[in-house]
Amino acid sequence: MGAARSALESAVRYTLQREQFGRPIASFQLTQAKLAEMSLEYTKGLLLALHLGRRKDTHTLRPEQVSLGKLNNPRAALEICRTARTILGGNGISLEFPVIRHMNNLESVLTYEGTVEMHTLVVGQALTGIPAFR
Ligand SMILES: Cc1cc2nc3c(=O)[nH]c(=O)nc-3n(C[C@H](O)[C@H](O)[C@H](O)COP(=O)(O)OP(=O)(O)OC[C@H]3O[C@@H](n4cnc5c(N)ncnc54)[C@H](O)[C@@H]3O)c2cc1C
């Protein structure tokens, strides 16, 4: 979620500096909608991580709860970076800005934190009592 925060901050800064049609792109409603959505998903992911961390501190954290966090947060962070990349236009693929670097890194996080498929199956098992791994 730290990578997502960095991408969000970069995107906000960029929208205030970049002008098109005589106005900063921050003044377009479609751009603001993207920023609002990114902020919403960032906040949800951050609160989820905080909650899971607190459960860990009190030794009440369960494996399927870890899966909920690992299923949501890398995916949400990656989507935030992808949206930030669109906001930066052509500069979104430049290493001059941190967004594409975070995005590429998050692609590997999506695998090394456990795959979406596995975390989905862990949550599915917790809900139904039925393991669908094989
Ligand atoms: C950069 C990087 C760093 C890593 N660091 C670590 C580390 O520090 N510690 C560590 O332990 N591991 C680490 N890993 C390994 C990582 O955890 C595994 O790559 C990951 O769990 C996926 O395992 P796999 O590569 O064997 O893929 P596979 O198990 O072969 O899976 C391939 C695909 O098939 C899917 N799949 C597999 N079985 C099922 C099933 N039953 N039902 C549905 N779909 C299924 C998977 O979800 C995935 O999409 C790292 C990996 C990378 C890329």
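Thresholds applied
Residues numbered from 1 in each chain as written. Predicted model: local features only at pLDDT ≥ 70, side-chain atom pairs only at ≥ 80, totals over all residues. Heavy atoms only, no water. Near = heavy atom within 4 Å. Polar contact = N/O pair within 3.5 Å; in protein donor to acceptor, adjacent residues only side chain to side chain. Areas by Shrake-Rupley, 256 points an atom, 1.4 Å probe, with all protein chains shown as cover. Helix = DSSP H or I, 4+ residues; strand = E, 2+ residues; numbered from the N terminus. Nonpolar A, V, L, I, M, F, W, Y, C, P; charged D, E, K, R; others polar. Axes fitted to C-alpha atoms, helices over the stretch in contact; angles between N-to-C directions. Parallel < 35°, antiparallel > 145°, perpendicular 65-115°, else oblique. Left-handed = near helix turned anticlockwise from the far one by under 90°. Contact = heavy atoms within 4.5 Å. Core = buried A, V, L, I, M, F, W, Y, C linked by side-chain atoms within 4.5 Å. Buried < 20%, exposed > 50% of the residue type's maximum accessible area, 1.4 Å probe, protein only. Expected span 1.5 Å × (residues − 1).

Caption draft 1: Region of the structure containing the site of the ligand. Near the ligand the following residues occur: T111, Y112, T115, E117, M118, L121 and F133. Side-chain polar atom of E117 to an oxygen atom of the ligand: 2.8 Å apart, as the coordinates give it. F133 places a polar main-chain atom, nitrogen or oxygen, 2.6 Å from a nitrogen atom of the ligand. Isolated, the ligand exposes 960 Å² of accessible area, and the fraction of that covered by the protein chains is 32%. The greatest single-element share of the shell around the ligand, amounting to three residues, is contributed by helix α5 (residues 116–128). A breakdown of the residues in the shell around the ligand according to their chemical character gives four nonpolar, two polar and one charged.

Caption draft 2: Highlighting the packing of helix α1 (residues 2–17) against helix α2 (residues 29–57). Closest axis-to-axis distance for the α1/α2 pair is 10 Å, and the angle between their directions is 160°. On the basis of the axis angle, α1 is roughly antiparallel to α2. Helix-helix and strand crossings are classified by hand; for α1 and α2 the assignment is left-handed. Contacts between α1 and α2 pair A4, R5, A7, L8, A11, V12 and T15 from the former with T31, L35, M38, S39 and Y42 from the latter. In terms of residue class, the contact of α1 with α2 is built from eight nonpolar, three polar and one charged.

Caption draft 3: Representation of the environment of V116 in the model. Tracing the chain through its elements places V116 in helix α5. Between the alpha carbons of V116 and Q32 there is a distance of 29 Å; along the sequence they are 84 residues apart. If we ignore the near neighbours within four places in the chain, the residues touching V116 are L71, R75 and L110.

Caption draft 4: Structural detail: the nonpolar core. Counting residues in each nonpolar core, the largest one holds 23 residues, and the members touching the most others are A11, M38, I87 and L106. Residue assignment for this core shows that the elements contributing at least two residues are α1, α2, α3 (63–87) and α4 (99–112). When residues no more than four places from it in sequence are discounted, the contact partners of L106 are A3, A77, L78 and C81.

Caption draft 5: Spotlight on α2. Taking 1.5 Å of rise per residue, the 29 residues of α2 would be expected to cover 42 Å, and the 42 Å separating its terminal C-alpha atoms lies within 8% of that figure. For α2, the full list of buried residues reads T31, L35, M38, E41, Y42, G45 and L52. Tucked inside the fold, the buried residues of α2 contact α1 and α3. At the C-terminal side of α2, H59 shows a positive phi close to 60°.

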